[in-house]
Amino acid sequence: MKIEQPITFEPLFMERVWGGRRLESLFGKHLPPTERIGESWEIVDREEAQSVVHDGPFRGKTLHELWCEYRAAVFGKAVPDAPRFPLLFKLLDAQERLSVQVHPPAAIAPELGGEPKTEMWFVVENHGEGDIFAGVKPGTSREVFEQALADGTVETQVHRVQVKAGDTMFIPSGRIHAIGAGNLIVEVQQNSDTTYRVFDWNRVSIDGKTRELHVGQSLRSIDFDDVAPALQTPAGDLLVECEYFRVERWMLDAPRVATAPGQFAIFTCLDGVVECGGAKFAAGDFFLVPATVENCEIKAQSGSATVLRTTIPG
């Protein structure tokens, strides 16, 4: 089967106590009225959350159906033999700080009843304090951290990093982290939804109750040797490469070939308007270029544009 055009999906909007409305004002997303939307799940294949194709010949089909029934045509042959599409793409609108949290490493996740999750953040915009939290500060042992939990001073033990638009942070499983207020972020991650909250700034949830914490699981998951990690330093186009995903930033001042023969790629439009496979995409749009699309170029409609390009290393 040969596919001639990119594939787009309907986003899934998630209300969060720390969310806002910027996905509507900045990207034109049609959000549910009055709700504080913290996350837009743009491409996801989970039992409880499923992307549906927006238009084209696959309109109405789920991402899981594409993965199971059209894998070679859409994703190519050099992809993991996994029961579900192995990546998840989100937009995050953090009007307030997210909880201090951690995702369990693969070695202990099954024992804790969770899934490992390695992810990366690309900062699209920041109008708050301009910070994120990642890793622990020098001298923070488990014992010191537990005392800070008892004292309510966890913030003093988590490494704080100033960020601006265009910065990237890699978050492997086991790295304690939090997103600071005012950040709007593109997140690329493993297909997992396991998050252990260890501290939530003494905040209450949307229903007025204290949010559930997972202190025991968090303490087992946190890598206390992960001290003061730095932001990613781009190597040309490349922002992050790990065993699960490769993310590049392409500044399109000239046309480029979207994918290598037999490989798929997922693009996130950051600014400008791009053309690809006969379709146009604006800031905040995500689209998948299938493996069987031949010699498909991506280019700025006028002037220049910037996109993230994500693939699975093979």
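Structure's up top.
Conventions we followed
Residues numbered from 1 in each chain as written. Predicted model: local features only at pLDDT ≥ 70, side-chain atom pairs only at ≥ 80, totals over all residues. Heavy atoms only, no water. Helix = DSSP H or I, 4+ residues; strand = E, 2+ residues; numbered from the N terminus. Buried < 20%, exposed > 50% of the residue type's maximum accessible area, 1.4 Å probe, protein only. Contact = heavy atoms within 4.5 Å. Areas by Shrake-Rupley, 256 points an atom, 1.4 Å probe, with all protein chains shown as cover. Pairing = 2+ DSSP bridges. Polar contact = N/O pair within 3.5 Å; in protein donor to acceptor, adjacent residues only side chain to side chain. 1 Å grid on protein atoms, 1.4 Å probe; cavity = no way out; pocket = protein on both sides within 12 Å on 5 of 7 lines; lining within 4 Å. Points joined across faces, edges and corners; volume = space filled by probe spheres on them. Nonpolar A, V, L, I, M, F, W, Y, C, P; charged D, E, K, R; others polar. Axes fitted to C-alpha atoms, helices over the stretch in contact; angles between N-to-C directions. Salt bridge = Lys/Arg side-chain N within 4 Å of Asp/Glu carboxyl O. Phe/Tyr/Trp six-rings, centres within 6.5 Å; stacked < 30°, edge-to-face > 60°. Core = buried A, V, L, I, M, F, W, Y, C linked by side-chain atoms within 4.5 Å.

### Considering the overall build of the protein
Looking only at helices and strands, the protein has six helices and 24 strands in total. Taking all 314 residues of the protein together, the buried fraction comes to 54%. Put simply, 74% of the contacts in the protein that link residues at least 6 apart link residues at least 24 apart. Accessible surface, the protein: about 13,300 Å² in total, of which carbon and sulfur atoms supply 48%.

### Looking at the sheet that holds strand 21 (residues 279-282)
Reading across the sheet, the four strands line up as 18-23-20-21 and stay open at both edges, with antiparallel pairing between neighbours. The sheet is open, and its two edges are formed by strand 18 (256-257) and strand 21, each paired on a single side. Of the strand pairs in this sheet, strand 20 (residues 273-276) and strand 23 (residues 297-300) are connected by three bridges, and their pairing is antiparallel. Looking across to strand 23, one finds that Glu 275 is bridged to Lys 299.

### Some words on the environment of Gln 101
Here Gln 101 lies in strand 8 (residues 100-102). Taking the C-alpha atoms as reference points, Gln 101 and Ile 176, 75 residues apart in sequence, are found 5.6 Å from one another. The residues contacting Gln 101, other than those within four sequence positions of it, are Arg 175, Ile 176, His 177, Thr 195, Tyr 196, Arg 197 and Val 198. In terms of polar contacts, Gln 101 uses its side chain to reach the side chain of Ser 99, at 2.9 Å.

### Focus on empty space enclosed by the protein
Space left empty within the atom packing is revealed by a probe, the size of a water molecule, rolled over the atoms. Per the counting criterion, the structure on display carries one cavity of 30 Å³ or more. Within this model, the largest cavity holds a volume of roughly 30 Å³. Every residue along the wall of the largest cavity is listed here: Ile 3, Gln 5, Pro 6, Ile 7, Val 53, Asp 55, Gly 56, Pro 57 and Phe 58. The class makeup of the residues in the lining of the largest cavity is six nonpolar, two polar and one charged.

### Observations concerning the sheet that holds strand 17 (residues 246-252)
Strand order in the open sheet made by the five strands is 16-17-24-19-22, with antiparallel pairing throughout. Edge strands, defined here as strands with exactly one partner in the open sheet, are strand 16 (238-241) and strand 22 (286-289). Taken pair by pair, the neighbouring strands of this sheet meet at an average axis angle of 25 degrees, ignoring direction.

### Some points on the environment of Pro 172
Its place among the elements puts Pro 172 in the loop between strand 12 (168-171) and strand 13 (177-179). Expressed as a C-alpha distance, the spacing of Pro 172 and Cys 269, which sit 97 residues apart in the sequence, is 24 Å. In contact with Pro 172, not counting residues within four places along its chain, are Lys 117 and Thr 118.

### Focus: the pattern of salt bridges
Applying the stated criterion across every chain yields a total of 24 salt bridges. Taking the shortest distance from any N to any O, the salt bridge between Glu 115 and Arg 46 comes out at 3.0 Å. You can see Glu 115 sitting in the loop between helix 4 (109-112) and strand 9 (119-126) and its partner Arg 46 sitting in strand 4 (residues 45-46), a full 69 residues away along the chain. On the basis of relative accessibility, which here comes to 29%, the residue Glu 115 falls in the partly exposed class. Residue Arg 46 is classed as buried on the basis of its relative accessible area of 11%. The partner of Arg 71 in a salt bridge is Asp 81, and the shortest N-O contact between them spans 3.6 Å. On the criterion of sequence distance, the pair formed by Arg 71 in helix 3 (residues 71-75) and Asp 81 in the loop between helix 3 and strand 7 (87-94) is long-range, its members being 10 residues apart.

### Brief notes about the pairing of strand 7
Of all eight residues making up strand 7, eight are buried, and the element is well covered by its neighbours. Examined bridge by bridge, strand 3 (residues 37-43) and strand 7 share four bridges and lie antiparallel to one another. Opposite Ser 40, over in strand 7, you have Leu 91 as the bridge partner. As paired elements, strand 7 and strand 14 (residues 183-190) share eight bridges and run antiparallel to each other. Residue Leu 87 lies in a different strand from strand 14, and its bridge partner there is Gln 190.

### Quick word on the packing of aromatic side chains
Under the counting rule described, the total for this entry stands at 14 aromatic pairs. Relative to Phe 75, the ring of Trp 67 lies with its centre 5.0 Å away and its plane at 70 degrees, an arrangement referred to as edge-to-face. Overall, the relative accessible area of 0% leaves Trp 67 in the buried class. On the basis of an interplanar angle of 70 degrees and a centroid distance of 5.7 Å, the ring pair of Trp 67 and Phe 85 is categorised as edge-to-face.

### Structural notes on the nonpolar core
Ranked by internal contacts, the top residues of the largest apolar core, which has 41 residues, are Phe 75, Phe 85 and Phe 245. Residue contacts for Phe 245: discarding those within four places in its chain leaves Leu 87, Thr 118, Glu 119, Met 120, Phe 170, Val 188, Gln 189, Gln 190, Val 240, Thr 310, Thr 311 and Pro 313. Core analysis: the second largest hydrophobic core is formed by 18 residues, Leu 112, Val 158, Val 198 and Phe 199 among them.

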